[in-house]
Amino acid sequence: MFHLAIKDMRFSKVKYGLIAFILFLIASLVLIVSGLARGLSDQNIAMLVESEATEFYVSTDSENRLDQSGFLIEDLVNDVPTEEGWQPLITHPVRFVHQGKADEKLAATMIPVDRDAKLYPGVTEGEDLTNDASLNIIVDQTMRADGVSLNDTLYDEETDLTFTVVGFTENQTYRHTPVVYVSETAFYAEEISPHQVANTVVIFEENDALKASIDSVLEEGEWVNKAAVIDAVPGHSSEQMSLNMMIFFLIVISVFVLAAFFYIITIQKLKQFGILKAIGAKNRFLIGSTLMQVVILSVFSLGVAVLFTYSMTFILPEGMPFDFNLGTISMYSGLMFLVSILGALLSSRRIVKVDPQQAMGGAE
Amino acid sequence: MTLPLEVKQINKRFKDGETYIDVLKAIDFEIKKGEFVAIVGPSGSGKSTLLSIIGALLSTDDGDVLINGKSVKNLDEGQRSDVRLNDIGFIFQTAELLPYLHAEDQLDLVAKLNNMDKKERKERAKALLTDVGLEKRRKHYPHQLSGGEKQRVAVARAFMNDPALILADEPTASLDEDRSHEIVSLIKQEVKAKDKAAIMVTHDESLLTYCDRVFRMKDHHLIEDK
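Reading the values: the criteria
Residues numbered from 1 in each chain as written. Chains lettered and ligands numbered in written order. Predicted model: local features only at pLDDT ≥ 70, side-chain atom pairs only at ≥ 80, totals over all residues. Heavy atoms only, no water. Helix = DSSP H or I, 4+ residues; strand = E, 2+ residues; numbered from the N terminus. Buried < 20%, exposed > 50% of the residue type's maximum accessible area, 1.4 Å probe, protein only. Contact = heavy atoms within 4.5 Å. Areas by Shrake-Rupley, 256 points an atom, 1.4 Å probe, with all protein chains shown as cover. Lys, Arg positive; Asp, Glu negative; His and termini not counted. Charge placed at Lys NZ, Arg CZ, Asp CG, Glu CD. Rg over C-alpha atoms; globule rule 2.2 N^0.38 Å. Domains from an automatic or database assignment. Buried area = accessible area lost by both parts, 1.4 Å probe. Salt bridge = Lys/Arg side-chain N within 4 Å of Asp/Glu carboxyl O. Polar contact = N/O pair within 3.5 Å; in protein donor to acceptor, adjacent residues only side chain to side chain. Nonpolar A, V, L, I, M, F, W, Y, C, P; charged D, E, K, R; others polar. Expected span 1.5 Å × (residues − 1). Arc of directions from axis to C-beta. Pairing = 2+ DSSP bridges. Axes fitted to C-alpha atoms, helices over the stretch in contact; angles between N-to-C directions.

**Q** Where do I start with the overall build of chain A in this structure?
**A** Per the secondary structure count, chain A includes 10 helices and 14 strands. Considered along the principal axes of its C-alpha atoms, chain A spans approximately 100 × 50 × 25 Å. The burial tally for chain A puts 49% of its 364 residues in the buried class. If you take every contact in chain A between residues at least 6 apart in sequence, the share linking residues at least 24 apart comes to 79%. Carbon and sulfur atoms form 58% of the exposed surface of chain A, whose accessible area is close to 17200 Å². With 23 positive and 45 negative side-chain charges, chain A shows a spacing of 31 Å between the two charge centroids.

**Q** Just to check I follow, could you spell out the overall build of chain B for this structure?
**A** Within chain B one finds 6 helices and 10 strands. For 226 residues, the compact-globule estimate of 2.2 N^0.38 gives 17 Å, and chain B sits close to it at 17 Å. Viewed in the frame of its principal axes, chain B has a C-alpha envelope of about 50 × 40 × 40 Å. Relative to its 226 residues, chain B shows a buried fraction of 56%. Taking the intrachain contacts of chain B between residues at least 6 apart in sequence as the baseline, contacts between residues at least 24 apart amount to 72%. A total accessible area of about 9800 Å² is found for chain B, and carbon and sulfur atoms account for 46% of it. In chain B, 35 side chains carry a positive charge and 39 a negative one; their mean positions are 4 Å apart.

**Q** Sorry if this is basic, but what is going on with the domain arrangement of chain A here?
**A** Buried accessible area, meaning the area lost when the parts come together, often serves as the stated size of an interface. Residues and elements named next belong to chain A. In terms of domain boundaries, chain A breaks down into domain 1 (2-45 + 237-362) and domain 2 (47-233). The centre of domain 1, based on its C-alpha atoms, is set 46 Å off from the matching centre of domain 2. Across the boundary between the two partners, domain 1 contributes 9 residues, which contact 12 residues of domain 2. Roughly 840 Å² of surface becomes buried between domain 1 and domain 2 when both sides are summed, with 45% attributable to carbon and sulfur atoms. Three residues stand out in domain 1 for area buried against domain 2, namely Gln43, Asn44 and Ile45, and they jointly supply 69% of the buried area on that side. The interface formed by domain 1 and domain 2 holds 0 salt bridges in total. Joining domain 1 to domain 2, the criterion identifies 10 residue pairs in polar contact (both at pLDDT 80 or more).

**Q** Looking at this model, I keep getting lost on unusual backbone geometry. Mind explaining?
**A** Most peptide bonds take the trans form, and the phi angle of most residues other than glycine is negative. Residues and elements named next belong to chain A. For asparagine 64, which is not glycine, the phi torsion reads 65 degrees and is therefore positive. You can see asparagine 64 is positioned in the loop between strand S1 (55-59) and strand S2 (71-72). At aspartate 160, a residue that is not glycine, the phi angle is positive and equals roughly 60 degrees. Along the chain, aspartate 160 falls in the loop between strand S8 (153-156) and strand S9 (161-169). A residue is classified by how much of its surface remains accessible, and aspartate 160, at 53% relative accessible area, is exposed.

**Q** Could you clarify how one ought to interpret the interface of chain A and chain B in this entry?
**A** Contacts between the two partners involve 24 residues from chain A and, on the opposite side, 30 residues from chain B. Interface of chain A and chain B: buried area, both sides summed, is about 2600 Å²; carbon and sulfur atoms make up 63% of it. Taken together, chain A and chain B are joined by 3 salt bridges. We note a salt bridge from Lys7(A) to Asp105(B), for which the minimum N-O separation is 3.0 Å. Taken together, the connections running from chain A to chain B amount to 7 residue pairs in polar contact (both at pLDDT 80 or more). At the level of secondary structure, the elements contributing two or more residues to the side of chain A that touches chain B comprise helix H1 (2-11) and helix H8 (270-278) of chain A. Per-class residue counts for the side of chain A that touches chain B are 12 nonpolar, 6 polar and 6 charged.

**Q** What exactly am I supposed to notice about helix H4 (residues 118-131) of chain B here?
**A** All names here are of chain B. With 14 residues, H4 should cover 20 Å at 1.5 Å per step; its first-to-last C-alpha distance of 20 Å lies within 8% of that length. Where H4 is concerned, the buried positions are Arg121, Ala125, Leu128 and Leu129. Take H4 and look down its axis: the buried residues cluster within an arc of 95 degrees, on one side only. Buried positions along H4 lie against helix H3 (103-113), helix H5 (147-159) and helix H6 (177-194). The N-terminus of H4 is capped by aspartate 117, whose side-chain oxygen sits 3.2 Å from the backbone nitrogen of lysine 119. After H4 finishes, the residue glycine 133 shows a positive phi value of roughly 80 degrees.

**Q** Is there a simple way to explain the sheet that holds strand S7 (residues 165-169) of chain B in this structure?
**A** Backbone hydrogen bonds hold the strands of a sheet together, and the pairing may be parallel or antiparallel. All names here are of chain B. Reading across from one edge, S6-S7-S8-S3-S9-S10 is the order of the 6 strands in this open sheet, with mixed pairing throughout. In the strand order of this sheet, the two ends are held by strand S6 (88-91) and strand S10 (221-224), each with one partner. Averaged over all pairs of adjacent strands, the angle between their axes in this sheet comes to 20 degrees, without regard to strand direction. Bridge analysis of strand S9 (residues 213-218) against S10 gives 4 bridges, and the strand direction is antiparallel. Among the inter-strand pairings, phenylalanine 215 is bridged to a residue of S10, identified as glutamate 224. Packed onto the sheet, helix H1 (residues 47-54) meets strand S3 (36-40), S6, S7, strand S8 (197-202), S9 and S10 and runs at close to 155 degrees relative to S7. On the sheet, H6 packs against S3, S6 and S8 and is oriented at approximately 140 degrees with respect to S3.

**Q** Looking at this structure, how should I read H5(B)?
**A** An α-helical turn contains 3.6 residues, so a residue and the one three or four places further along point in the same direction. Taking 1.5 Å of rise per residue, the 13 residues of H5(B) would be expected to cover 18 Å, and the 19 Å separating its terminal C-alpha atoms lies within 8% of that figure. Of the positions making up H5(B), those classed as buried are Gly148(B), Glu149(B), Gln151(B), Arg152(B), Val153(B), Ala154(B), Val155(B), Ala156(B), Arg157(B), Ala158(B) and Phe159(B).

Encoded structure:
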C-alpha cells in the first residue's frame, strides 16, 4: 500500500506537488494567523492571565471593564486590613519619554505594588522593587523592542517624574501596552493618582465572608471572576473573534479544496481502480493507498508549514505580536491533518462504487 | 482430477425497460488443463458477458461456474475478489497497466496483493518477463513501451499468481495484424508450457488456428465447431 502510494506520487510529481503546495500555503496561513491571534491576545490580557487574582470587585456600571471601574479604598484599608487576603489593583495609563533615545512616546500601564504582594510578578532580569519611595520601575520585557534597557530613565510629562528601569519582567502586558510596576509607597508619595483609589479590588481564593465584608464597605460594586474581566478588556473579544473566524474559514476552505482535488484525482483513476479490482484488489487496499497518499502529503506539508511558521518568528519585526506556541501549533496541525483525511474520505465512496466488470469489453 | 473450469447451464437476462432480454441461454461446457479455447461471435452477442460471469465479475441468474472445482455462485464480493486474484489471470483489450509502475512492478503488485514473499515475487516476475521476451525492458514504464510490449507485460501479469484459468478479452483489439499473431502465439506458448486452461474472446477468425477448440455464440447459445 505504502509503496504503491509513493510510486504513484513520484510518477505524478507535479499533480501531487501542487496539492502539497496548496496545503502548505493554507496550513502556514492558519498557523501564522493563530500565532498572531495568540500574540495579540497576550499583548492585551497577559497581565490578567498570569495574575494570581481569581475574583475582581468592579463597579456595577463598569460592564466589567477595569478602566471604567473605580473605588475610594481608604475606608476599606481601615476596616478590612489587606492581610485578610485582598489587594487593590490600579491600572494607570502613562506615556513615557525615553530620555536620550527616540522622540516618540512609549505607552505603558503603570501598576503600583508592594513587592511582597501577590500581584507583584518578580523580575527575570535586574533587581526587584524596593518598598521605599524611590522612583524605580520594573518593566515588561516587550519594552526591549522599543530600545529600553536596564538603568534607562523614562520621563512622564504628566507628573513631571523620571523613573529608572531597574528590572525586567515577562508576560506582563495589558491593553497592548507593557506593564510597568512601581512601588506603592512611591506611587502614593508622589500622588500620581490623587487619593487612595483603585480600579478594582482582587482576592486570590474563594472567601465568601471576605467578599461580603468588602462589599459592605465599598458598596456599588459586584464580584466577577477573572474570565469575565478578560472578556471585557476592550478589543479582546472582537480581535479574537475576527481572527478565529479567519482560521475557521481557512480550515473550511481547505476541506473543500483538498476534497475537490482528491475527488478529481480519484475520478481520473476510476478506470485504474476498476482494473485493479478486476484482477483481485480489494476496496480496503485501494482506499488504504489513497489515504496513505493523503497522510504522506499532509505530514510533509504540515511539517514544512510548521518550520516555515517557526522561521517567521525570526523574520517578523521584534515588536510584532506573534506567539509561536507549541500547543496551538500542534492543535491546528492536528486539525488540518484530520481535515485532509476527511477530504480524501469523501472520494472513497467513489472507489467503493467502481464496478470491476467495466474492465471487460471496454470497446463494446 | 478437478477441471480448471466447468460452466453449468448458465442463463443470463438483462432488464430492458419493462421486458427482459435473454443474453445467455443454457451455456454448458468445460475446459481441461492445457487447453486454449476461443469464443467467437459478433459484437453484442454476449461474449464479454459470458467472460465476466466466468471471471467472477458478474453473477449468473441460473446455473453455476466451477473454477478449479470451487463454485463461485454463493461467494460474497471479497471472496470473488480472492478467486479473481488467485485462480484467474486476466488479459484485457488494452494492456491496462498502471502508468506509474515499471514492467517488473506491474507483476510485483499482483503477487503482493496475494501476499507472495518478496524473493519469490522477484524471481517469478523476472522469469515471466523473460518468457515474454522483455528481459531487457523490465524497468521500463508503460509510456516507454510499444503497444505490443505493453500487452506482453499484461500477458506476463496474468500468469503471475499461477492461476488455473486465463481469460483474455479480445487481447488483440488494439494491435495490428503482425502484433496480434505474436501476442496470441505467446499466450498459447505460455498456456502450453505452464499447463493452464485459457479462454480467448475474439472476432478475428485468423487467430483461431492457435486454439485447440472454438466456440461460437449463436442466438444466445454457445456452439462448438466440430
